[in-house]
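Coordinate analysis (summary)
Listed below, chain by chain, are the residues.
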Amino acid sequence: MIDVLRRAGVDVCVASVEAGPAVSCSRSVGVVADCVLPDVKDRAFDLIAIPGGMPGAERLRDSADLRGVLAGHAGRETLVGAVCAAPQVVLQGLGLFSDREMTCHPGFM
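Residues numbered from 1 in each chain as written. Predicted model: local features only at pLDDT ≥ 70, side-chain atom pairs only at ≥ 80, totals over all residues. Heavy atoms only, no water.

1. Some points on the overall build of the protein
Counting its regular elements, the protein contains 4 helices and 6 strands. The linear arrangement of helices and strands in the protein, starting from the amino end, is α-β-β-β-β-β-α-α-β-α. Considering only C-alpha atoms, the protein reaches an extent of 30 × 30 × 30 Å along its principal axes. For the protein, with 109 residues in total, the buried portion stands at 28%. Within the protein, contacts between residues separated by at least 24 positions form 53% of all contacts whose residues are at least 6 apart in sequence. When the accessible area of the protein is evaluated, it comes to approximately 6800 Å², of which 53% is carbon and sulfur surface. Distance between charge centroids for the protein: 3 Å, based on 10 positive and 13 negative side chains. (Helix = DSSP H or I, 4+ residues; strand = E, 2+ residues; numbered from the N terminus. Buried < 20%, exposed > 50% of the residue type's maximum accessible area, 1.4 Å probe, protein only. Contact = heavy atoms within 4.5 Å. Areas by Shrake-Rupley, 256 points an atom, 1.4 Å probe, with all protein chains shown as cover. Lys, Arg positive; Asp, Glu negative; His and termini not counted. Charge placed at Lys NZ, Arg CZ, Asp CG, Glu CD.)

Next comes the structure, spelled out in structure tokens:
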């Protein structure tokens, strides 16, 4: 997703909820984020895209900084995307966006 958006000329900010920018994803995929979320938590975004996968979705759900960013966007007309487990584990898990329709991986329904 990051690569496709950047190739299309979108200004993408990849933020980590971990202590540093290095993130270990499912299936041993490593990603180095542009920054850590506390550095950009007060910035307004046009879109927040939340990756799926476990246990990453649980770490995202448990991030107080991400909870604050998402809560700030919940009342605005902004786009929020979430894939795989993230709609159920992160968004529904935080009680956010309950007024919107979502789909998720069938294993999390």
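2. Side note on unusual backbone geometry
Met 54 connects to Pro 55 through a cis peptide bond whose omega is 5°. Looking at where Pro 55 falls in the secondary structure, it is placed in the loop between β5 (47-50) and α2 (56-61). The residue Ser 28 is not glycine, and still its phi comes out positive at about 60°. Relative to the assigned elements, Ser 28 resides in the loop between β2 (22-24) and β3 (30-32). On the basis of relative accessibility, which here comes to 73%, the residue Ser 28 falls in the exposed class.

3. Describing the environment of Ala 33
Summarising the element assignment, Ala 33 is placed in the loop between β3 and β4 (35-36). Judged by its relative accessible area of 8%, Ala 33 falls in the buried class. Taking the C-alpha atoms as reference points, Ala 33 and Ala 82, separated by 49 residues in sequence, lie 18 Å from one another. Those residues in contact with Ala 33 that sit more than four places away from it in its chain are Val 14, Ala 15, Ser 16 and Pro 21.

4. Quick notes on the side chain of Thr 78
Tracing the backbone through its elements, the reader meets Thr 78 in the loop between α3 (64-74) and β6 (79-82). A distance of 3.2 Å separates the side chain of Thr 78 from the side chain of His 73, its partner in a polar contact. Setting aside residues up to four positions removed in sequence, Thr 78 forms contacts with Phe 45, Asp 46, His 73 and Arg 100. (Polar contact = N/O pair within 3.5 Å; in protein donor to acceptor, adjacent residues only side chain to side chain.)

5. Considering the state of the cysteines
As enumerated under the stated definition, the model contains 0 disulfides in all. Cys 13 forms no disulfide, and the closest cysteine sulfur to it belongs to Cys 35, at a distance of 3.7 Å. For Cys 13, a relative accessible area of 24% corresponds to the partly exposed category. Its sulfur unpaired, Cys 25 is 12 Å from the next cysteine sulfur, which belongs to Cys 84. Looking at Cys 25, the relative accessible area reads 31%, which means it is partly exposed. (Disulfide = S-S within 2.5 Å.)

6. Describing the side chain of Ser 16
With respect to the helices, strands and loops of the structure, Ser 16 is situated in strand β1 (residues 15-16). Separated by 2.9 Å, the side chain of Ser 16 and the backbone nitrogen of Glu 18 make a polar contact. Within the structure, Ser 16 has its side chain in polar contact with the backbone oxygen of Gly 20 (distance 2.9 Å). Not counting the four nearest positions on each side in its chain, Ser 16 is found in contact with Pro 21, Val 23, Ala 33, Cys 35, Val 36 and Leu 37.

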